[in-house]
Amino acid sequence: MSVTAAASGFVALLLTVTVVQCENGWDVSYTSTEICAIRGSTVDINCTYTYPSTVNNHDTTVQETFWFIKESNGIHVDLRTDPEYSGRVENLCGNNKCTLRISNLRESDSAVYKFRFTTNQPTGSLTGSAGVTLSVTDLHVQVRASVKDELFNIAKLRCQSSCRLPDHLNYVWYKNQQKVNEEGASYTGYFHRSDRVSCAVKGLEDFRSPLILVKSQNGWGVSYTSTEICAFRGSTVDITCTYTYPSRWNHLETTVQETFWFIKESNWIHVDLRTDPEYSGRVENLCGNNKCTLRISNLRESDSALYKFRFTTNQPGGSLTGSAGVTLNVTDPKLQVHVRRSTANPSSTWTELTCHSRCQLPDHLSYVWYNNNKPVGRKKYFHLRHFNPEDSYHCVIEGQERFPSPALYAPKPPSVSVSPSGEIMEGSSVTLTCSSDANPAAKYTWYKRSGDKQVQRLSEETQFVLSSIRSSDSGEFYCTAENELGRSSANIFMTVRYAPKPPSVSVSPSGEIIEGSSVTLTCSSDANPAAHYTWYKENRALLQGPEGIYRLSSISSGDSGVYSCKSENQYGWINSTSLHLDVQYAPKPPSVLVTSSGEIMEGSSVTLTCSSDANPAANYTWYKEDEDSPTASGQIFTITNITAEHGGKYQCEAQNTHGRSKATLHVTVGAEKSVIIMNTIRYTLVVVLVPVLVWTLWTRMKKTLSLKSKVNEAVEMIELDNCPEYENNAAAAQTEDTEEQEDLV
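So, here is what we can say about the structure in this document. Nothing here was measured: the structure is a model prediction, and the numbers come from that model.

Observations regarding the overall build of the protein
- A tally of helices and strands in the protein yields three helices and 67 strands.
- Looking at the protein alone, contacts between residues at least 24 apart form 60% of all its contacts between residues at least 6 apart.
- Looking at the protein as shown, the accessible area adds up to about 40700 Å², and 48% of this sits on carbon and sulfur atoms.

In structure tokens, the structure reads:
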């Protein structure tokens, strides 16, 4: 029974033989086992599956459903993760039914498709073992019969494919690129000698058959499956072709009389290989249903040749040779391993190894895969979930073990080098080289890792060139070598040598520098090798050493000035910018000065000046003895029209933000000249007359005691008259002596 599925974009013949695989409630049933579809169309492949609801008292749940065409090493490759099917496949699953939909079919999609589902049960996975064979084909126009008249050929054409298509399909025919009014699989008409014809399935007009020239075809043709074949000494090879001919020609039924293969021909004589002694007992012709296969066994290198097929019929001149032929090359396998990796599904990544030859090998060959020289698989391809760094894979053709493929392995730890070797000077050109033994060949990437562990990608070449290297290029470089099987990396530390960069200078603590505090000057410069430092104060060397630190443990005002440092190594030297130190301090004890045009006399003008060393500059305040409020402010204090009341002690106070200091002076104001004369006379009388009076009194007391009362009275009278003058003179004298002692001027 056959069922066809045809919809917009769907052209397929389904052979519906229900396949049931059942074991304890587990089964997969395919709706059909064979499907034929046209290139470019869309096909649905269907199945149903069942499983027990519980196993060992555990409920069963389906975890994954997918279709695959390749399986090896216990890995079933989900088609959705296969790059060859990217964007062209869908899984439409539900209610224990799953449909694989493949769109934009390609001839390479021809394969056996199988369904697999997994559950939460231990060993609860099942694959529908029979699978569905999908054949994807192109259309071609076959001339079924042709009759020639004087002007035209009357020909019967058929649109067909290499596999059986549904009978109900509608077709579109084209003559000389123009659509004709014919929708069947067959088309009969009159054709001029230059007419060209093609066909397509309706709805798939973009996928037409190749154009044919009807007159040149006349239904005769030979088509080879392959035009080049490689085979090995001692092996067996099949060379296949199909041939066609018109069923009737000039009203005569056509029958085939002879079919054979040949490599030699001369004088229109074609030598059947079966009669060639070189091939005796080694060739067979396997022919039937317009298909013929030449089988050559125990191949020799001398069998390398161009093989052609020829058939003859009962028609006059009804013989045909397939002109292209098939080139057979008997050689060593020259196997290679192709690697393909899928990461479409992060949870189901895989690597596919395929045993491949540069020339086409027969399909019936058996392959053997080895991992570290131990056999692990027997298919043309081999799949891996993980590839260990120590693994090495190669393949052979069974029976040809002496011709293995090159081994495949992940990159070995790379070798990294720097050129030129030796010291690396800033500004020079440096080349980093990375190399690793790997098959397939590794791809390289260079990186630089910064001190903060950040990674910068630099290059994707085996070499990385720094044409003018800088000091900032010092550090760790590493390269990765990666192929489809793994990656490896290695690093190298590079040190760039250079003269000191402009130094930076700093003072600590920052801010105001107070006299007596501890101050540290620091000079630092980027240099390799490390710089040697010299501190200067106004061009006078202070300190040399590797640290660049100059300490003033108790700074004084004399340390103020301009400082600088020099940084040097064997590649050069450079001076820093200047650093100005401004040491601040409280006022020193002031010096006071009185300025007058002569003696300070009443009515004259006097200037008092106070000065003190201070940073910042001091503010000055004047005080007079026994007065609470300041007398004046400012460094200079001027008294005009001075009077006796201005005389006395004056104190100057110098003050800034860091402290204060004081100094005292005595101002004596002189009287007018008349006052001075009277005071001088009184002073003279006191100094001269008092001693005379005392001596006189003493003499009189000794002469007579009797006169004591009279003398005493006389003395008393004298004292009463002169005591005020004596007291004033003595006081004045005493005051002047005291003032002279206190005067600090």
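So, the packing of aromatic side chains
- According to the stated counting rule, one finds 27 aromatic pairs in the structure shown.
- Centre to centre, the rings of W26 and F117 are 6.1 Å apart; their planes meet at 20°, and the pair counts as stacked. Here W26 is found in strand β4 (residues 26-30), whereas its partner F117 is found in strand β14 (residues 111-119), with 91 residues between them in sequence. The burial state of W26 is the same as that of F117; both residues are buried.
- Taken together, a centroid distance of 6.4 Å and an interplanar angle of 25° make the contact between Y243 and Y245 stacked.

Remarks on the sheet that holds strand β39 (residues 374-377)
- Read from one edge to the other, the open sheet built from three strands follows the order β39-β38-β41, with strand pairing classed as antiparallel. In this open sheet, the two strands that pair with only one neighbour each are β39 and β41 (393-397). Pairs of neighbouring strands in the sheet enclose a mean axial angle of 40°, with direction left out of account.
- When strand β38 (residues 367-371) meets β41, the two strands line up antiparallel, connected through five bridges. Across the sheet, residue N371 finds its bridge partner in β41, namely Y393.

What to know about the pattern of salt bridges
- Overall, the coordinates contain 26 salt bridges when judged by the stated rule.
- E301 is the salt-bridge partner of R233, the closest N and O atoms lying 3.6 Å from each other. Taken together, the positions of R233 in the loop between β25 (228-231) and β26 (237-244) and E301 in the loop between β32 (291-296) and β33 (305-313) put the pair 68 residues apart, joining distant regions of the chain.
- Look at R233 and you get partly exposed, because its relative accessible area is 37%.
- Put simply, R449 and E476 hold a salt bridge, and the shortest N to O gap is 2.8 Å. Of this pair, R449 sits in strand β45 (residues 443-449) while E476 sits in strand β48 (residues 475-483), and the two are 27 residues apart along the sequence.
- Linked through salt bridges whose partners overlap, the residues forming this network are K70, D82, R340 and E352.

Thoughts on the side chain of S198
- Its location among the elements puts S198 in strand β22 (residues 196-201).
- The buried category is assigned to S198, whose relative accessible area is 2%.
- Those residues within four positions of S198 in sequence are excluded, and the remaining contacts are V141, V172, W173, Y174, R208, S209, P210 and L211.

A short note on a nonpolar patch on the surface
- On the surface, a nonpolar cluster with roughly 530 Å² of combined accessible area is contributed by I681, L685, V687, V688, L689, V692 and L693.
- Within the secondary structure layout, V692 lies in helix α2 (residues 673-703).

As for the sheet that holds β48
- Here four strands make up an open sheet; going across it, the order is β46-β45-β48-β49 and the pairing antiparallel. Pairing within the sheet leaves two strands with one partner each, and these edge strands are β46 (455-459) and β49 (486-494). The mean angle between the axes of side-by-side strands here comes to 30°, regardless of whether they run parallel or antiparallel.
- Two elements, β48 and β49, share nine bridges in a ladder whose sense is antiparallel. Considered in β49, the bridge of G475 is made with M494.

Criteria and thresholds
- Residues numbered from 1 in each chain as written.
- Predicted model: local features only at pLDDT ≥ 70, side-chain atom pairs only at ≥ 80, totals over all residues.
- Heavy atoms only, no water.
- Helix = DSSP H or I, 4+ residues; strand = E, 2+ residues; numbered from the N terminus.
- Contact = heavy atoms within 4.5 Å.
- Areas by Shrake-Rupley, 256 points an atom, 1.4 Å probe, with all protein chains shown as cover.
- Phe/Tyr/Trp six-rings, centres within 6.5 Å; stacked < 30°, edge-to-face > 60°.
- Buried < 20%, exposed > 50% of the residue type's maximum accessible area, 1.4 Å probe, protein only.
- Pairing = 2+ DSSP bridges.
- Axes fitted to C-alpha atoms, helices over the stretch in contact; angles between N-to-C directions.
- Salt bridge = Lys/Arg side-chain N within 4 Å of Asp/Glu carboxyl O.
- Patch = residues over 30% accessible without salt bridge, like charges linked within 9 Å, V, L, I, M, F, W, Y side chains within 5 Å.

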